[in-house]
Amino acid sequence: MRQSFARKLIFLSSLISFVVMAGTTGYILIEGWSVLDSLYMTVITLATIGYGETHQLDAAGRLFTIALIVFGTGVVGYGISSVTLMLFQGDLPNYLKRRKMEKIIARISGHIIVCGLSRTGKYALDELLQAGQSVVVIERDEASTLYLEGRDIPYIVGDATEDENLIAAGVDKAKAVITCLTADAENAFVVVSARNLNAKLQIVSKAETESSRNKLLAVGADKVVIPSRLGGSNLANMVVRPETLHFFEHLHSRYPNTFSAELFNASAVWHGRRLEEFVEFKDSHMLVIALEHPGGEIEFNPSPDAILLEGTSIMVINNFKK
């Protein structure tokens, strides 16, 4: 967009300058006037001011003036009106807004990039903001970005499948990408592009089908969510286990910023050490729900003396209210 704005401005400025230079040169060659007199005559002619002739024109000079009025006035009028529209109604305000977003994004790191403001993307965005995460949004439909107005959320108007927009969103400094585009193929493009640009990035993608889920995992996504499956599971649980769901929904709505479920992965430094040490190091307010050891063995409600292995997944409930 920035290059497009600059190219338009250069083209229109060059067009106006060319007409003025052509008019000035014509009067110099035809009438033999000075540069200043020729420039003055050209400007008042193109501006249709009607001050009269700078000097008496001969027949050739009058024919040249007619041609300048017929062709030059239209060109200059088009150029000036186009520049005015760019400066006050569209391109310049968008350019300045884009520059402001670029400066904000340049100052942040460890953020999460949300690709696509679909319904799923909006829910994901709201959850991230509620959790206090730094977020950058990429959305191709400029009208959809009205959802972000007044919320101090930096965003890029563009196609998330294109590398330049991921780079503009700071993918090299981000910690994660969540792609919620409508088509699974587009989500796959984002996964591949983001993985190539930042190999350490955590990538979570939306999918519509189980087949697409497997393909997204194959091309580099760390996690893939099928919203329809989650929705169906919740609908069934509301019938089978309504009390449990009501309890958690009640806690989440009444105390929205007091707890969250989190998953940690034990690195090599924790291999062979006790779970109690990990909890004390991370946060003594954590409640450990389960451990999943490499190989798939799951240990529910583990004791503080449980031994961690490298790669053990630790599911916890984190209490923020201390």
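Up top is the structure these notes are about.
Since this is a predicted model, take the numbers as computed values, not measurements.

Draft legend 1. Geometry of the environment of Ile44. Counting through the fold element by element, Ile44 comes out in helix H2 (residues 35–46). What makes Ile44 buried here is its relative accessible area of 6%. A sequence separation of 10 residues divides Ile44 from Thr54, and the C-alpha atoms of the two residues are 9.5 Å apart.

Draft legend 2. Looking closely at the packing of aromatic side chains. As enumerated under the stated definition, the model contains 5 aromatic pairs in all. With centroids separated by 5.4 Å and ring planes inclined at 10 degrees, the aromatic side chains of Tyr27 and Trp33 adopt a geometry described as stacked. Each of the two residues, Tyr27 as well as Trp33, counts as buried. Joined through ring pairs, the aromatic side chains of Phe264, Trp270, Phe278 and Phe281 make up one cluster. A cation over a ring is seen here: Lys122 above Tyr147, with NZ or CZ 4.9 Å from the ring centre. Against the face of Tyr147 rests Arg151, its NZ or CZ located 4.9 Å from the ring centre.

Draft legend 3. Region of interest: the side chain of Lys206. Along the chain, Lys206 turns up in strand E5 (residues 202–206). Given the relative accessible area of 9%, Lys206 is considered buried. At 3.3 Å, the side chain of Lys206 forms a polar contact with the side chain of Glu208.

Draft legend 4. Quick peek at the pattern of salt bridges. Per the stated rule, a full pass over the model turns up 9 salt bridges. Between Arg273 and Glu277 there is a salt bridge, with the nearest N and O atoms lying 3.4 Å from each other. For Glu277, a relative accessible area of 27% translates into the label partly exposed. One salt bridge in this structure joins Glu276 and Arg274, with 2.5 Å as the shortest N-O distance. Note on Arg274: relative accessible area 30%, which makes it partly exposed. Here the salt bridges share partners, and the residues they tie into one network are Arg140, Asp159 and Glu186.

Draft legend 5. Summary view of the sheet that holds strand E2 (residues 135–139). With respect to topology, 6 strands assemble into an open sheet ordered E3-E2-E1-E4-E5-E6, the strand pairing being parallel. Both edges of this open sheet fall to strand E3 (155–157) and strand E6 (223–225), since each of them pairs with a single strand only. When strand polarity is set aside, the average angle formed by the axes of neighbouring strands in this sheet is 15 degrees. Direction of pairing for E5 relative to E6: parallel, over a ladder of 3 bridges.

Draft legend 6. Spotlight on the nonpolar core. Ile113, Cys115, Ile138, Val177 and Leu201 are the most contacted members of the largest nonpolar core, which totals 23 residues. Top contributing element to this core by residue count: helix H7 (residues 184–197), with 3 residues. Discounting residues that sit within four places of it in the chain, Cys115 has contacts with Ile138, Ala160, Leu166, Val177, Ile178, Thr179, Cys180, Leu181 and Val190.

Draft legend 7. Examining the pairing of strand E8 (residues 287–292) more closely. When E8 meets strand E9 (residues 298–300), the two strands line up antiparallel, connected through 3 bridges. Paired with Glu292 across the strands is Ile298, a residue of E9. Taking the residues that link successive antiparallel strands as the turn, the E8-E9 hairpin has 5 residues, and the phi of Gly295 there is positive, at about 105 degrees.

Basis of the calculations
Residues numbered from 1 in each chain as written. Predicted model: local features only at pLDDT ≥ 70, side-chain atom pairs only at ≥ 80, totals over all residues. Heavy atoms only, no water. Helix = DSSP H or I, 4+ residues; strand = E, 2+ residues; numbered from the N terminus. Buried < 20%, exposed > 50% of the residue type's maximum accessible area, 1.4 Å probe, protein only. Phe/Tyr/Trp six-rings, centres within 6.5 Å; stacked < 30°, edge-to-face > 60°. Lys NZ or Arg CZ within 6 Å of the ring centre and 35° of its normal. Polar contact = N/O pair within 3.5 Å; in protein donor to acceptor, adjacent residues only side chain to side chain. Salt bridge = Lys/Arg side-chain N within 4 Å of Asp/Glu carboxyl O. Pairing = 2+ DSSP bridges. Axes fitted to C-alpha atoms, helices over the stretch in contact; angles between N-to-C directions. Core = buried A, V, L, I, M, F, W, Y, C linked by side-chain atoms within 4.5 Å. Contact = heavy atoms within 4.5 Å.

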